[in-house]
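Each chain is listed here by its residues.
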4 protein chains.
Amino acid sequence: MPDFKPVVQTHIITADSPIKPGTVNLFTRFLFEQGFYISEIHSFDDTAEDRFFIRIEFRANTATEFNREDFCQQFEARASAFDMKWQLASSPYKSKVVIMVSKHDHCLNDLLYRYRTGDLDIEIPAIISNHPDLEALAKWHDIPYYHLPITKETKPEQEAKVLKIIQDSEADLVVLARYMQVLSNGMCKKLAGKAINIHHSLLPGFKGARPYYQAYDRGIKLVGATAHYVSDDLDEGPIITQGVETVDHTYYPQDLAAKGRDIECLTLSRAVRCHIEHRIFLNGKKTVIFSK
Amino acid sequence: MPDFKPVVQTHIITADSPIKPGTVNLFTRFLFEQGFYISEIHSFDDTAEDRFFIRIEFRANTATEFNREDFCQQFEARASAFDMKWQLASSPYKSKVVIMVSKHDHCLNDLLYRYRTGDLDIEIPAIISNHPDLEALAKWHDIPYYHLPITKETKPEQEAKVLKIIQDSEADLVVLARYMQVLSNGMCKKLAGKAINIHHSLLPGFKGARPYYQAYDRGIKLVGATAHYVSDDLDEGPIITQGVETVDHTYYPQDLAAKGRDIECLTLSRAVRCHIEHRIFLNGKKTVIFSK
Amino acid sequence: MPDFKPVVQTHIITADSPIKPGTVNLFTRFLFEQGFYISEIHSFDDTAEDRFFIRIEFRANTATEFNREDFCQQFEARASAFDMKWQLASSPYKSKVVIMVSKHDHCLNDLLYRYRTGDLDIEIPAIISNHPDLEALAKWHDIPYYHLPITKETKPEQEAKVLKIIQDSEADLVVLARYMQVLSNGMCKKLAGKAINIHHSLLPGFKGARPYYQAYDRGIKLVGATAHYVSDDLDEGPIITQGVETVDHTYYPQDLAAKGRDIECLTLSRAVRCHIEHRIFLNGKKTVIFSK
Amino acid sequence: MPDFKPVVQTHIITADSPIKPGTVNLFTRFLFEQGFYISEIHSFDDTAEDRFFIRIEFRANTATEFNREDFCQQFEARASAFDMKWQLASSPYKSKVVIMVSKHDHCLNDLLYRYRTGDLDIEIPAIISNHPDLEALAKWHDIPYYHLPITKETKPEQEAKVLKIIQDSEADLVVLARYMQVLSNGMCKKLAGKAINIHHSLLPGFKGARPYYQAYDRGIKLVGATAHYVSDDLDEGPIITQGVETVDHTYYPQDLAAKGRDIECLTLSRAVRCHIEHRIFLNGKKTVIFSK
């Protein structure tokens with residue numbers, strides 16, 4: 001297919017701050033003065049929380065070297081007046097994603113397929129599991145597989161090892177692709193906003209364990225999945241994406257689980273995509289997403 | 001449009017019983033012997049609950065008078081060996097539906113439109129409300145409107161009046177079309193399985209009051225509605241239909257409510273349709289629905 | 001419900017132009033200098049067509065009188081260098097919508113409900129029909145109903161009368177809510193981009209007459225509807241919204257039509273909402289929509 | 001998970017015939033007399049085509065050897081009076097599925113995952129491709145890969161080789177999982193009703209080549225896919241399943257294709273599942289599907 005998209009280096013700046021006059025102009029004026037072209041701009045004011053969010057894609061008008069340090073220094077000089085949190089990403093946007101799994105492999109398989117074909121433009125420095133089962137799959141994709149078994153007693157050590165791998169690989173994101181262990185509070189805090197979990201229900205319905213069994217008992221007619229950021233409150237982290245499909249009385253728990261697997265894969269991969277494209281903002285217990 | 005459907009009298013027999021050899025044959029043999037043609041048959045075995053469900057549409061092979069009493073007597077003679085609950089309905093299937101409302105009129109308006117155009121082939125002997133607001137709408141459709149205000153103190157009397165209207169009108173079904181009062185336990189028991197309520201969330205998420213506010217606070221990305229039978233456990237009755245739409249961070253509670261209204265209308269009218277077409281079976285706290 | 005939204009006067013400026021450095025800055029700088037606050041900004045570059053689109057919601061930082069003429073004059077002075085088409089709308093955004101119908105009343109009924117409850121914040125100066133059937137519905141809503149019958153011979157005169165009503169009522173939008181007449185080429189040209197039609201299929205499938213019959217013959221498993229702008233090429237105008245539902249082999253044409261009616265209503269009302277909220281841009285034979 | 005499902009041998013009989021009194025009773029009486037228990041029965045009368053369809057799942061009441069030949073002979077003796085086409089399948093329902101591909105591997109990858117995990121309970125005796133690219137994927141799953149290149153000149157020979165593989169492997173089904181070659185008329189006739197193709201559009205919209213480009217040019221707001229049986233009329237075979245997702249103006253052809261890949265996978269695997277569970281009937285140019 002012909003590529004309609006520009007091949008010069010592109011950048012994405014994202015920011016949020018209290019609502020204040022001049023916030024948009026802060027960005028557009030600075031970028032204009034610095035000789036950048038804005039190819040997409042999108043803002044949102046949360047008037048209930050009095051908070052402003054913005055995402056801008058831009059590139060140089062002319063082919064010049066991009067000096068990240070200068071850019072950041074000069075922009076920060078102006079932004080400081082706005083009590084603003086901001087981030088800059090530059091192409092190629094190759095996020096490093098560490099994946100954690102247990103025995104279920106459908107989400108892992110889906111993520112690896114998208115990684116292998118470039119549909120998700122990421123690097124995967126490590127796959128971590130508390131079981132050895134999925135090593136072959138990891139190997140076929142040439143990805144290091146860390147088997148770190150866990151028991152009640154060894155949990156602190158295991159989590160320390162996990163954290164070390166995440167840090168050593170300089171991961172931008174951790175994906176819990178059906179990792180069937182409850183993270184400790186300490187671990188949750190360290191990963192808050194940097195780890196995405198897939199829960200196999202339409203949260204807040206069916207929190208906790210065995211949601212497909214809960215859903216079966218309740219006789220639901222829609223089965224779903226929820227991708228959310230890890231937070232210190234289990235299954236209560238900010239929701240990113242939710243997916244759903246119709247079911248009926250003929251679905252036993254294993255049938256709900258089977259249909260659910262497809263939804264989990266799609267819901268999780270969409271959340272990962274939003275994250276690596278720098279489309280998501282944390283907004284208290286919620287998210288703001290400038291989705292495609 | 002040309003009508004593909006037969007115009008002779010048709011019948012629907014529905015039944016459920018414990019799983020036992022010969023249940024299907026009981027029906028098909030009887031109907032065959034009595035000179036009936038089966039135009040649709042659908043059965044389901046719930047192997048977890050050990051329960052059999054069947055729905056059969058049939059008509060006479062030849063144009064003869066249908067003797068309901070004889071049919072029922074003779075079929076019961078055979079069915080008694082099967083510990084079976086069964087019902088017979090004959091065309092025209094004109095269910096009598098009493099509608100209860102408060103101030104929100106979207107579900108009422110939708111039901112009345114479907115009633116007026118024949119999309120829902122029902123009679124509406126009464127609309128009951130604890131507020132006077134929707135009388136004009138009822139009047140335009142020539143339907144008696146009963147304004148029965150309610151307070152904590154007058155609840156027992158009000159419910160008695162409501163029940164009397166339901167009984168006097170020989171209602172087959174009561175529809176709580178956003179009736180914003182919690183029914184008493186006694187009332188719930190009397191209406192169990194005969195009344196459909198629309199709850200404005202994807203149950204079991206956001207039970208109770210103000211679900212759109214709860215949903216907003218939780219930052220959900222899918223908004224939904226659930227039609228369920230009334231039971232003595234509030235918002236826990238058997239689910240009939242559920243509907244859903246995507247939303248994002250730009251939806252404040254009133255926006256969720258606005259989008260939700262469309263889903264509530266569709267979800268409720270589909271549940272009513274399933275009920276009046278005799279497609280729904282109660283199965284403990286769940287439903288079996290031979291849906292079109 | 002408490003209203004989170006600001007009550008001061010708000011404005012929406014929309015524009016499109018060739019892609020050129022400085023387009024975004026043109027707006028943000030001007031609005032900043034004039035003392036306006038940008039509460040939402042959204043842009044899109046169509047790199048295939050080399051065209052830039054932008055939509056900005058803004059309001060004054062302080063409570064001052066808005067001088068529309070001054071604003072337009074001064075902005076045009078700057079915009080002229082950009083070969084730009086732009087429009088300004090100010091609250092209250094009360095579009096005047098003329099509705100045209102024939103005998104099917106589901107879309108009309110839905111639009112009138114949303115008009116009556118304020119869900120669609122519009123005025124309806126006229127309902128025009130080639131049949132007398134829907135006058136009672138119009139009357140109940142206190143809207144003038146123009147019965148303008150049409151034959152092959154009287155088509156030019158009838159369309160002239162229709163156009164006069166549209167012009168006299170200063171309509172911002174014409175909605176063909178199942179108006180079952182093919183507009184003349186001349187009429188189409190006059191209404192191009194200013195009239196929305198609902199077609200009862202997923203265009204480009206099943207163009208032309210009796211789409212539900214075509215869909216039935218083809219054995220489709222999804223039934224849908226398409227809202228599009230009128231253009232001089234029948235059923236080929238720019239698509240605004242499309243809706244869809246699952247169906248199966250049990251649906252005869254009249255059943256497809258019944259299910260389709262719900263989709264038509266939702267699809268059409270969403271298109272109308274996008275239009276009156278100034279979210280839609282024409283982009284050749286396509287649309288750009290900054291949807292909520 | 002506990003398995004609610006019975007583990008004795010089960011059978012599925014499917015049949016269609018002209019509408020005639022006694023068709024249902026023919027099955028139920030025979031099965032009852034032969035000592036079988038019917039665990040699910042579902043029938044449909046197509047009154048427009050005057051055709052009856054039925055699908056019955058059954059098993060022996062007691063643990064006896066199933067004599068297929070006897071069963072078939074005895075049933076045929078009775079069925080012959082009804083001008084009936086019927087088939088019998090017995091568990092384990094392990095269909096042999098030959099998959100044909102070109103270079104796109106998303107559908108193949110998805111089918112292989114479902115095969116590997118048992119989600120699709122099938123055997124895959126062969127993967128056939130006109131390109132060598134996907135051999136590694138086949139090998140990892142231990143499935144023979146036949147690379148049969150094709151040119152205009154070699155088409156007849158290549159198709160003969162393909163047919164031989166299909167016949168030698170005793171395939172129950174051929175799946176064209178994005179096989180990018182137009183089959184010859186002769187090939188189509190031989191595979192009619194026995195081969196499923198995935199077309200990357202909502203047929204009948206965007207028939208033929210490059211549907212995502214066509215869809216892009218038309219500015220559609222829903223992208224979809226259609227799984228259908230191969231027939232001698234290209235892209236006009238009986239539709240089995242259709243899937244759809246929302247898109248907007250930001251989707252260039254490659255983005256539509258990316259989103260479409262997910263829909264293609266789901267739509268195709270659902271069609272394959274319906275087929276191997278003996279849920280689909282051909283009904284002229286349409287299908288009847290007793291779907292789960």
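Rules used throughout
Residues numbered from 1 in each chain as written. Chains lettered and ligands numbered in written order. Predicted model: local features only at pLDDT ≥ 70, side-chain atom pairs only at ≥ 80, totals over all residues. Heavy atoms only, no water. Helix = DSSP H or I, 4+ residues; strand = E, 2+ residues; numbered from the N terminus. Rg over C-alpha atoms; globule rule 2.2 N^0.38 Å. Buried < 20%, exposed > 50% of the residue type's maximum accessible area, 1.4 Å probe, protein only. Areas by Shrake-Rupley, 256 points an atom, 1.4 Å probe, with all protein chains shown as cover. Lys, Arg positive; Asp, Glu negative; His and termini not counted. Charge placed at Lys NZ, Arg CZ, Asp CG, Glu CD. Least-squares fit on C-alpha atoms with pLDDT ≥ 70 in both. Contact = heavy atoms within 4.5 Å. Salt bridge = Lys/Arg side-chain N within 4 Å of Asp/Glu carboxyl O. Buried area = accessible area lost by both parts, 1.4 Å probe. Pairing = 2+ DSSP bridges. Domains from an automatic or database assignment. Phe/Tyr/Trp six-rings, centres within 6.5 Å; stacked < 30°, edge-to-face > 60°. Polar contact = N/O pair within 3.5 Å; in protein donor to acceptor, adjacent residues only side chain to side chain. Nonpolar A, V, L, I, M, F, W, Y, C, P; charged D, E, K, R; others polar. Expected span 1.5 Å × (residues − 1). Arc of directions from axis to C-beta.

## Details of the overall build of chain A
1) Next: What chain A contains, in helices and strands, is eight helices and 14 strands.
2) Next: Its C-alpha atoms give chain A a radius of gyration of 21 Å, within 12% of the compact-globule value 19 Å for 292 residues.
3) Next: For the C-alpha atoms alone, the extent of chain A along its principal axes is close to 60 × 45 × 40 Å.
4) Next: A total of 292 residues make up chain A; the buried ones form 60% of that total.
5) Next: Per element, the accessible surface of chain A, about 11,900 Å² overall, is 50% carbon and sulfur.
6) Next: Here chain A contributes 35 positive and 39 negative side-chain charges, whose respective centroids are spaced 2 Å apart.

## Structural notes on the relation of the copies chain D and chain C
1) Next: Note on the copies: chain D fits chain C at an RMSD of 0.0 Å, the axial shift is 0.0 Å, and the rotation between them is 180°. What the superposition gives is, in effect, a two-fold axis relating one chain to the other. Taking C-alpha positions as the reference, the residue of chain D nearest the rotation axis is G205 of chain D, at 2.2 Å.
2) Next: Counting the interface residues of chain D, we find that 100% of their copies in chain C are interface residues as well, pointing to one common contact surface.

## Some points on the pattern of salt bridges
1) Next: On inspection of all chains with the given rule, the structure shows 76 salt bridges over all chains.
2) Next: Of the charged contacts, one joins K85 of chain A and D16 of chain A as a salt bridge, the two residues approaching to 3.9 Å between their closest N and O atoms. Taken together, the residues K85 of chain A in strand β4 (residues 85–90) and D16 of chain A in strand β1 (residues 10–18) connect sequence positions 69 residues apart.
3) Next: Two residues, E57 of chain C and R55 of chain C, come together in a salt bridge whose shortest N-O distance is 3.0 Å.
4) Next: The exposure class of R55 of chain C is buried, given its relative accessible area of 3%.
5) Next: Here the salt bridges do not stand alone but share partners, grouping D110, R114, D119 and R273 of chain A together with R261 and D262 of chain D into one network.

## Describing the interface of chain D and chain C
1) Next: Residue-level contacts link 35 residues of chain D with 35 residues of chain C.
2) Next: Broken down residue by residue, the surface that chain D buries against chain C is led by R218, K221 and H249 of chain D, which jointly contribute 27%.
3) Next: At the surface where chain D touches chain C, the tally comes to two salt bridges.
4) Next: Of the charged contacts in the structure, one is a salt bridge between R218 of chain D and E236 of chain C, with a shortest N-O distance of 3.1 Å.
5) Next: Mapped by element, the contributors of at least two residues to the side of chain D that touches chain C are β2 (36–46), α7 (211–218), β12 (239–246) and β14 (286–289) of chain D.

## Digging into the pairing of strand β14 (residues 286–289) of chain C
On a regular strand, one side chain projects to one face of the sheet and the next to the other, so that they alternate.
Residues and elements named next belong to chain C.
1) Next: Burial along β14 is two-sided: K286 and V288 facing one way and T287 and I289 facing the other are all buried.
2) Next: Examined bridge by bridge, strand β13 (residues 280–283) and β14 share four bridges and lie antiparallel to one another. By the bridge assignment, I280 is partnered in β14 with I289.
3) Next: In this antiparallel pair of consecutive strands, β13 and β14, the connection spans two residues, and G284 shows a positive phi of 65°.

## Points about the domain arrangement of chain A
1) Next: Segmentation of chain A into domains returns domain 1 (10–90) and domain 2 (95–276).
2) Next: For domain 1 of chain A and domain 2 of chain A, the distance between their C-alpha centres works out to 32 Å.

## Notes on the packing of aromatic side chains
1) Next: Under the defined criterion, the tally for this structure stands at 58 aromatic pairs over all chains.
2) Next: Between the aromatic rings of F30 of chain A and F71 of chain A, the centroid separation amounts to 5.3 Å while the plane-to-plane angle is 80°, which identifies the pairing as edge-to-face. Of this pair, F30 of chain A sits in helix α1 (residues 23–33) while F71 of chain A sits in helix α2 (residues 68–79), placing them 41 residues apart in sequence. F71 of chain A carries the same exposure label as F30 of chain A, and that label is buried.
3) Next: With 5.7 Å between their ring centres and 80° between their planes, F36 of chain C and F71 of chain C make a pair best called edge-to-face.

## Observations regarding the environment of G186 of chain C
Residue and element names in this part refer to chain C.
1) Next: Positionally, G186 belongs in helix α6 (residues 185–191).
2) Next: For G186, a relative accessible area of 35% corresponds to the partly exposed category.
3) Next: With 32 residues separating them in the primary sequence, G186 and T154 have C-alpha atoms 15 Å apart.

## Digging into the interface of chain B and chain A
1) Next: Taken together, the contact between chain B and chain A spans 35 residues of the former and 35 residues of the latter.
2) Next: Summed over both partners, the interface of chain B with chain A buries about 2,800 Å², with 57% contributed by carbon and sulfur atoms.
3) Next: When the buried area of chain B at its contact with chain A is split by residue, R218, K221 and H249 of chain B rank highest and sum to 26% of it.
4) Next: Along the contact surface separating chain B from chain A lie 20 residue pairs in polar contact (both at pLDDT 80 or more).
5) Next: When residues of the side of chain B that touches chain A are traced back to their parent elements, those giving at least two are β2 (36–46), α7 (211–218), β12 (239–246) and β14 (286–289) of chain B.
6) Next: Counted by class, the side of chain B that touches chain A contains 16 nonpolar, ten polar and nine charged residues.

## Concerning the relation of the copies chain B and chain A
1) Next: If you rotate chain B by 180° and push it 0.0 Å along the axis, it lands on chain A with an RMSD of 0.0 Å.
2) Next: A symmetric contact is evident, with 100% of the interface residues of chain B recurring at the interface of chain A.

## Considering helix α5 (residues 155–168) of chain C
Spacing of three or four residues puts side chains on the same side of an α-helix, whose turn is 3.6 residues.
Residue and element names in this part refer to chain C.
1) Next: Compared with an ideal rise of 1.5 Å per residue, which puts 14 residues at 20 Å, α5 spans 20 Å between its outermost C-alpha atoms and is within 8% of the ideal.
2) Next: Those residues of α5 that sit buried are Q158, E159, V162, L163, I165 and I166. The buried residues of α5 occupy an angular sector of 160° when the element is viewed end-on, so they sit on one face. Residues of α5 that are exposed and point over 90 degrees away from its buried face: P156, Q167 and D168.
3) Next: Contacts from the buried residues of α5 go to β5 (95–101), β7 (127–129), β8 (145–147), β9 (173–176) and α6.

## Concerning the environment of L26 of chain C
1) Next: One can find L26 of chain C in helix α1 (residues 23–33).
2) Next: Taking the C-alpha atoms as reference, L26 of chain C lies 15 Å from I12 of chain C; in sequence the two are 14 residues apart.

## Notes on α1 of chain A
1) Next: Extensive coverage of α1 of chain A is indicated by the burial of eight of its eleven residues.
2) Next: Every buried residue of α1 of chain A is listed here: T23, V24, N25, L26, F27, T28, F30 and L31 of chain A.
3) Next: Looking at the buried residues of α1 of chain A, the elements they touch are β1, β2 (36–46), β3 (51–60) and α2 of chain A together with α1 and β2 (36–46) of chain C.
4) Next: Directly beyond the C-terminal end of α1 of chain A, a positive phi value near 80° is found at G35 of chain A.

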